[in-house]
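Secondary and tertiary structure notes
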Amino acid sequence: MELEGSRKLWRVLEFYSGIGGMRYSLLKAAVNATVVEAFDINDVANDVYQHNFGHRPFQGNIQTLNATDLDRYNADAWLLSPPCQPYTRQGLQKGSSDARASSFIKILELIPQLLQPPSYLFVENVVGFETSDTHEILVEILEKNNFVTQEFILSPLQFGLPYSRPRYYCLAKRKPLSFEVPEFNNQLLRTPGPLLGQTESTMEKEQLQSAEYWDELLQACQPVDDFLVFKTFGKGEDSSTYSFHANDSAKSDRSDEENNVYFVPSSLVERWGSAMDIVYPHSKRCCCFTKSYYRYVKGTGSLLATVQEKTEKRTPSLQDLCLRYFTPREVANLHSFPEDFQFPQHISLRQRYAMLGNSLSVGVVAPLLQYLFINPS
């Protein structure tokens, strides 16, 4: 088998580029590719992207692009992470009738008009997209334009990362290109088996949803502690100290930490404590961080207990746990962003959380991209 990117420099278009998760995934996957253009309408996200890559994404409305515009890029691959709001469980689930879905559909509808259509296409979105009418449009257009697909629903937990963030992924190749494991063509998989070279699915859907399967995965995950910037050490039963492991990308986190901005106010603990997802440094799982993390505490991501009981004779109260938010750098770590990823100083704390919540898991996307760019020799 051969990694196609090792033979030529692939030209990539990165749609809905955000803070650069797709580009970091390409780098982590060691695909020999160059991003010839990135597109995002969010000015703040583009500030972050430019700060880290030295290139500012195209900030116009994607819907103004036509086939001639895209043909000029002579792109081999399109990477897309379109807005997820039309498909989320918390949303109205309006699918293609949601205005936020229109730009993605417009891009797909340009494919038949292209003189030089892409050979590779990659789509990331929330679980729920796979049952939407937008998904039906995606599959229909790809089939009519000679693409073969493999689809996945995967979580970082399946890659040894203590982070529950299941997402939908579509990988597509234009014939005569083929996948390394063609047995799974036109299927939706819930296991990363093909990425590991497995040629047959050894688990039924019921098994993949069983508590035993996920318990086994959790045992293989790294502890949350491996991803923390502020290491917590108990100092008696009711207090703790922080040891800051400094690097340049976490300097702003350190400044905020010194102001205690990450500790959850006792009033919030008292009001919402029963709805909080609380984890410890030794935990092997934390919940998905959403764009509303730090603004709200219910259903937006896990909180970290910085004090742990020293004895089984006493169960500490929620107030005793000295709960804190994960810092933006720690959330980036759980998303597998590299150490040199940084936010510009003018980006506010809430903006950092929001953009990370809208980003993707590099630890999952990178092996998927590596699999996408491999072709049978």
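Given the structure is predicted, the values throughout are model-derived calculations rather than measurements. (Residues numbered from 1 in each chain as written. Predicted model: local features only at pLDDT ≥ 70, side-chain atom pairs only at ≥ 80, totals over all residues. Heavy atoms only, no water.)

Let's shift gears to the sheet that holds strand β6 (residues 147–154). The sheet built from seven strands is open, its strands ordered β3-β2-β4-β5-β7-β6-β8 with mixed pairing. One side of each edge strand has no neighbouring strand; the edge strands of this open sheet are β3 (33–39) and β8 (188–189). Looking at chain direction, β6 and strand β7 (residues 167–174) are connected through eight bridges and run antiparallel. What sits directly across from Phe152, in β7, is Tyr169. Each of β4 (77–80), β5 (120–126), β6 and β7 touches helix α12 (residues 362–372); the most contacted strand, β7, lies at about 15 degrees to it. (Pairing = 2+ DSSP bridges. Helix = DSSP H or I, 4+ residues; strand = E, 2+ residues; numbered from the N terminus. Contact = heavy atoms within 4.5 Å. Axes fitted to C-alpha atoms, helices over the stretch in contact; angles between N-to-C directions.)

A word on the nonpolar core. Core analysis: the biggest nonpolar cluster contains 74 residues, and Phe122, Phe152, Tyr169, Leu171, Phe326 and Leu368 have the highest contact counts within it. The dominant element in this core, judged by the number of residues it contributes, is α12, at eight residues. Built from parts of two domains, this core gets at least three residues from each of domain 1 (10–218 + 360–373) and domain 2 (224–234 + 260–358). Ignoring anything within four residues of it in the chain, the contact list for Leu171 reads Leu121, Phe122, Val148, Thr149, Gln150, Phe152, Phe179, Leu368, Tyr371 and Leu372. The next biggest cluster of nonpolar side chains, apart from the first, holds 33 residues, and it includes Trp78, Leu80, Leu138 and Cys170. (Core = buried A, V, L, I, M, F, W, Y, C linked by side-chain atoms within 4.5 Å. Buried < 20%, exposed > 50% of the residue type's maximum accessible area, 1.4 Å probe, protein only. Domains from an automatic or database assignment.)

Once that is clear, we can look at the side chain of Arg329. The topology assignment puts Arg329 in helix α10 (residues 328–334). Look at Arg329 and you get buried, because its relative accessible area is 4%. There is a polar contact of 3.1 Å between the side chain of Arg329 and the backbone oxygen of Phe341. (Polar contact = N/O pair within 3.5 Å; in protein donor to acceptor, adjacent residues only side chain to side chain.)

The residues that UniProt annotates with the feature "active site" (unreviewed entry) are Cys84. Of note, Cys84 is situated in the loop between β4 and α4 (102–110). The exposure class of Cys84 is partly exposed, given its relative accessible area of 25%. (UniProt positions renumbered as here; feature names shortened; annotations may be inferred.)

The subject of this paragraph is helix α2 (residues 43–53). If you check which residues of α2 are buried, you get Ala45, Asn46, Asp47, Val48, Tyr49, Asn52 and Phe53. For α2, the secondary structure elements touched by its buried residues are β2 (10–15), α1 (21–28), β3 and α11 (349–357). At the N-terminal end of α2, a side-chain oxygen is found 2.9 Å from the backbone nitrogen of Val44, two or three residues along, and the residue is Asn42.

A few words now on α4. One turn of an α-helix holds 3.6 residues; hence residues three or four places apart share an orientation. Within α4, burial applies to Ser103, Phe104, Ile105, Ile107, Leu108 and Leu110. Packed against the buried residues of α4 are β2, α3 (67–71), β4, β5 and α5 (133–144).

Another aspect to go through is the packing of α1 against α12. Helix-helix packing: each pair is described by the crossing angle between the helix axes and the interaxial distance. Two numbers describe how α1 lies on α12: the axes approach to 8 Å, and their chain directions differ by 55 degrees. Comparing their axes, α12 and α1 come out oblique. Considering only the axes of α1 and α12, their crossing is right-handed. Between α1 and α12, the contacting residues are Gly21, Met22, Tyr24, Ser25, Leu26 and Lys28 on the first element and Val362, Val365, Ala366 and Leu369 on the second. (Parallel < 35°, antiparallel > 145°, perpendicular 65-115°, else oblique. Left-handed = near helix turned anticlockwise from the far one by under 90°.)

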